[in-house]
Each structure stands twice: as structure tokens, then as C-alpha cells.
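Secondary and tertiary structure notes
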Amino acid sequence: MSQTPPNTFQIPAKLLPLDGRFGCGPSKVRPEQIEAIRQRASSVMGTSHRQAPVKNIVGSVRSGLEQLFSLPDGWQIVLGNGGSTVFWDVAMFGLVQQRSQHLVFGEFSSKFAEATLAAPHLGDPVVISSEPGTHPTAVPDASCDVYALTHNETSTGVAMQLSRPRADGLVVVDATSAAGGLLWNPADVDVYYFAPQKSFASDGGLWLAACSPAAIERIRQIKATKRWIPASLDISIALDNSVANQTYNTPALATLIMLDDQVQWMLNNGGLAWAAGRSSESARILYDWAQARKWASPFVSNPAQRSNVVGTIDLDGVDANQVSAILRSNGVVDTDSYRKLGRNQLRVGMFPAVDPADVEQLTRCIDVVVEHLTA
Ligand SMILES: *Cc1c(COP(=O)(O)O)cnc(C)c1O
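What you are looking at is a predicted structure, and each value in this text was computed from that prediction instead of being measured. (Residues numbered from 1 in each chain as written. Predicted model: local features only at pLDDT ≥ 70, side-chain atom pairs only at ≥ 80, totals over all residues. Heavy atoms only, no water.)

**Details of the site of the ligand**
Heads up, the rule is: Throughout this document, a residue counts as near a molecule or strand when at least one of its heavy atoms sits within 4 Å of that molecule or strand. For this analysis, a polar contact is any N or O atom pair within 3.5 Å, provided that within protein one partner can donate a hydrogen and the other can accept it, and provided that sequence-adjacent residues contribute only side-chain to side-chain pairs. Under the convention used here, a 1.4 Å probe and the Shrake-Rupley method define accessible areas, while residue burial counts only the protein chains that appear. The numbering of helices and of strands both runs from the N terminus, where a helix is a DSSP run of H or I of at least 4 residues and a strand a run of E of at least 2. Polar here means any residue outside two lists: the nonpolar Ala, Val, Leu, Ile, Met, Phe, Trp, Tyr, Cys and Pro, and the charged Asp, Glu, Lys and Arg; Gly therefore counts as polar.
Taken together, 13 residues surround the ligand, and among them Thr85, Thr154, Asp174, Gln197 and Lys198 come closest. Thr176 places a side-chain nitrogen or oxygen 3.4 Å from a nitrogen atom of the ligand. At 3.0 Å from an oxygen atom of the ligand is found a side-chain nitrogen or oxygen belonging to Gln197. In isolation the ligand has 380 Å² of accessible area, and contact with the protein removes 87% of it. Per-element tally for the shell around the ligand: the top contributor is helix 3 (residues 83-94), with four residues. Here the residues of the shell around the ligand are counted per class, giving three nonpolar, eight polar and two charged.

Structure, rendered in C-alpha cells:
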């Protein structure tokens, strides 16, 4: 081990990425998104969300997302305050009729299952789990009216191909870190929900859900049963506000501006295929690099389940926390693993805003840091 305190090691400037943000949410915000706020500093910021300037941005976000996801007629983008964690409660009140089935393969997927387990108005959920680093498969079950899938498990870096179980029941997908960075087909899904601080490079605190006609019918059915639902968690109220390009209560305006800018950026460059292509290019660079190092390997052993948006790399013979700390002291931040996973690991956000060339530079930085630590 080197005698130099590890966090004083200076990475040569020519190896540094242009932008050193590799977090998994909040994640890199492009400078143009900040500029978009500045341009609306007095025309939108500090103005009413019930008036045209803000409503037009919400409308632009909603129609932009419809276009980005190629949503068929009858789908709606619904939004409300609280982020994806609050959406689990929203879904527990307004989408699950009696019982849900959950694929649990990490921290985030387990939390929705905990929410439905705790709900006094629902039957105990069916939980199908698998080891971290893999994902389970849904099992058709006539007693389940919701299948809760996770497109990308951010805590482990496992992505799953979405498909509809051969059964009735809504397919409700946590796409918080996947939406905008991974491909999906609306035919396989009823509710695709997310928050804007990951692939959409915006800020947290908002939830958005693309809802199929079947999902909208379910929302109306449950509402008609007079189930007690707190108004701030009532998706039927959120839906009514969303179609009017509003939210039930006041949203963060800067979040909406940055989200809108990111959606338009994706559309102007070629849409979801282009955005997903950037993440896939970054992922190829990261995983190929790890496989070519004796001391690094992709945590997810099945290449088909490796995420293009969240890369998890196990290190061997070198302390990943020390590597992350040195990177951080050089302005290359948030490569730490998900703490509860408890592995000697780096985790790299490769959302579309991240330049694949910067992922390449990151791998060069890690090389010199590891060389320094093991010298
Ligand atoms: C980040 C994340 C969440 C939590 O999102 P919040 O907006 O912080 O509530 C939920 N699920 C997944 C898959 C995530 O990546």
C-alpha cells in the first residue's frame, strides 16, 4: 500500500472526463437544462402553475413523453408530487384491487412489496424473489390483479426485458431509472412509472406514470368502490389534473423545465432509440473494460441482464471505497455502490445525458487509481 493518504492522489488532467457526474440519481444535469431555467427565470419561475406558461410546459412534457415512448391512442401521462416512492403508495391505493405479485430483486423492488404488504385493504402480496444480481420471472396467478415489475433495479444494476405474463392483471412497471434509457414496448405494459432525476437528468420530487386504457379503467373502477384514498395519493385526482396539464398541488417548476428540456433533447436527436443507444454504448465501454481487467468484473453474471443505465463492477484486491473516494477528490463523483448491497463494488450511472466518451475516461481514471493503490 502506498504511504500517501489515498485521497491526495491526483489523476492526470488529460484522463479526467469533461463531466465527472456518474451518480444513479440525482444524476448529471446537462448545462443546457440549467440554461433552460435561466431563460425562463422571470417568465415561468415564480409564476402560477394554474396559468398558461407552466401549463404549457406540463403539456409539452406530456406530449413529448407520449412521442418518446410511442404510446398508442388512449394512453395518458399522469403526474403528481412525491417521486417514485410516493407512487408506490399511490399504486397501493389506486391500482391494486385485491392482491399484487411482486418480482423482488433488490432494494427498490422490495419496497413496493412492503407497501402492499402493509396495506390493510389488500390481501398479502405474492412475492417472487431472486438473488441480487439476477431477476425472477412473473408467474401467472389468477388471484393477482397487478404484476409489479422493475425495468431496472438501480441497487444492483440488473435490467429485465419486460413481458406480459399470460394472465389478466395490470403490468405495473417501476421504470424510475430505466425510463428514457432503455427500450420497451407499450403492448407489454399497463403502467410505466418513473421520476425525473435519473435518465431525464432533472430533479427529484415528481412522479410520472404512462397509463394504458386498461390502467385508466382500473383507476376509475377502484374510485367507484368508494375505497378511502387520501387525496394527495389519489391517482384519479392526479389523472383529472394531468389531462388539464396541471398537478393536484404545486409542483417544482425548475424540475419541469429541466425535464421538458431533456425530453425535447432526446426527441430532437432521434428519440428513445437514440437515447437508449447512448446508454448502450456507454455500457459496452464499461463492461468490456471490466472484463479486460484481472481485478474487475461485472457483478451481473448474465450479460442479458446487465443494465445499460446502471453498471455495477465488482473489484478484487483493491478497496472500492478507496477508489471512489480518490475519484471524488478529483471531481469524479458518485461511483459508490449501493450501500445496503454490501459489496466491494463501483456503480456507474450511464444515463443518456452521460457522454460515452466520459465513461471511457472514467475507466482510464480507475485504471490509474487502482495502479496507485496497488503499487
Ligand atoms: C431511484 C429509484 C426509486 C426511488 O425514486 P424516488 O423518486 O427517490 O422516490 C424507485 N425505484 C427505482 C428503480 C429507482 O431507481
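**Remarks on the side chain of Asp174**
The line we're drawing: Throughout, exposure labels follow a simple rule: accessible area from a 1.4 Å probe, protein chains only, divided by the maximum for the residue type, with under 20% read as buried, over 50% as exposed, and the rest as partly exposed. In this tally, Lys and Arg are treated as positive and Asp and Glu as negative; His is ignored, and so are the chain termini. One speaks of a salt bridge when a side-chain nitrogen belonging to Lys or Arg is within 4 Å of a carboxyl oxygen belonging to Asp or Glu. The contact rule is simple, with two residues in contact once any of their heavy atoms fall within 4.5 Å.
Position of Asp174 among the secondary structure elements: in strand 7 (residues 170-174). Buried charged residue Asp174 carries no salt bridge. Nearest counter-charge: Lys198, at 7.4 Å. Among residues more than four places away in sequence, those in contact with Asp174 are Trp88, Phe108, Leu149, Thr150, His151, Asn152 and Tyr193.

**Section: the layout of surface pockets**
Defined as follows: For cavity detection a 1 Å grid was placed over the protein atoms alone, and a set of points counts as a cavity when a 1.4 Å probe fits there but cannot get out; an open set counts as a pocket when protein lies on both sides within 12 Å along at least five of seven lines, with lining residues being those that have an atom within 4 Å of a point. Grid points are joined across faces, edges and corners, and a volume is the space filled by probe spheres set on the points. Note: domain ranges come from an automatic or database domain assignment.
Of the pockets and cavities examined, the largest pocket occupies roughly 260 Å³. The wall of the largest pocket is formed by 13 residues, among which Ala159, Gln161, Leu182, Ala304 and Asn308 lie closest to the centre. For the lining of the largest pocket, the per-class residue count stands at six nonpolar, six polar and one charged. Formed jointly, the lining of the largest pocket draws a minimum of three residues from each of two domains, domain 1 (6-29 + 272-374) and domain 2 (32-268). What lines the second largest pocket is Asp319, Ala320, Asn321, Asp336, Ser337, Tyr338, Arg339, Gly342, Arg343, Asn344 and Arg347.

**Describing the domain arrangement of the chain**
Rule in force here: Summed over both partners, the accessible surface that disappears when two parts come together, traced with a 1.4 Å probe, is what is meant by buried area.
Segmenting the chain into domains produces domain 1 (6-29 + 272-374) and domain 2 (32-268). Put simply, the middle of domain 1 and the middle of domain 2, counted by C-alpha atoms, are 28 Å apart. Taken together, the contact pairs 31 residues of domain 1 with 32 residues of domain 2. Carbon and sulfur atoms supply 64% of the area buried between domain 1 and domain 2, which totals about 2,400 Å² over both sides. The largest share of the area that domain 1 buries against domain 2 comes from Val29, Leu272 and Gln305, three residues that together contribute 28% of it. Between the two partners, domain 1 and domain 2, sit one salt bridge. Note that Lys340 is salt-bridged to Glu107, the shortest N-O span being 2.8 Å. In this structure, the connection of domain 1 to domain 2 is made through nine residue pairs in polar contact (both at pLDDT 80 or more). The set of elements that each furnish at least two residues to the side of domain 1 that touches domain 2 consists of helix 8 (271-291) and strand 11 (310-315). For the side of domain 1 that touches domain 2, the element with the most residues is helix 8, which contributes seven residues. Residues that form the side of domain 1 that touches domain 2 fall into these classes: 18 nonpolar, eight polar and five charged.

**Thoughts on the sheet that holds strand 12 (residues 345-349)**
We apply this condition: Here, any two strands with at least 2 DSSP bridges between them count as paired. Helix axes are fitted to C-alpha atoms over the stretch in contact, other axes to C-alpha atoms as well, and angles between N-to-C directions run from 0 to 180 degrees.
Strand order in the open sheet made by the three strands is 10-11-12, with antiparallel pairing throughout. Edge positions in the sheet fall to strand 10 (296-298) and strand 12, since each has one partner strand and no second. Looking at each pair of strands side by side, their axes are set apart by 30° on average, direction ignored. The pairing of strand 11 with strand 12 spans five bridges and is antiparallel.

**Description of the pattern of salt bridges**
Per the counting criterion, the structure on display carries 17 salt bridges. A salt bridge links Asp261 to Arg30, with the nearest nitrogen and oxygen atoms 2.9 Å apart. Of this pair, Asp261 sits in helix 7 (residues 253-269) while Arg30 is found in the segment before helix 1 (31-39), placing the two residues 231 residues apart along the sequence. By relative accessible area, Asp261 is classed as partly exposed at 22%. One network of salt bridges, in which partners are shared, links Arg30, Glu32 and Asp261.

**A few points about the packing of aromatic side chains**
The condition that has to hold: Stacked, edge-to-face and tilted labels apply to pairs of Phe, Tyr and Trp rings (six-membered ring for Trp) whose centres lie within 6.5 Å, assigned for plane angles under 30 degrees, over 60, and everything in between, in that order.
According to the stated counting rule, one finds 13 aromatic pairs in the structure shown. Look at Phe69 and Trp184: their rings are 5.2 Å apart centre to centre, the planes differ by 65°, and that puts the pair in the edge-to-face class. Within this pair, whereas Phe69 is found in the loop between helix 2 (52-68) and strand 1 (76-81), its partner Trp184 is found in the loop between strand 7 and strand 8 (191-194), the two being separated by 115 residues in sequence. The two residues Phe69 and Trp184 agree in class, both being buried. For the ring pair Phe69 and Phe194, a centre distance of 5.9 Å and an interplane angle of 85° mean the geometry is edge-to-face. Taken together, the residues Phe69 in the loop between helix 2 and strand 1 and Phe194 in strand 8 connect sequence positions 125 residues apart.

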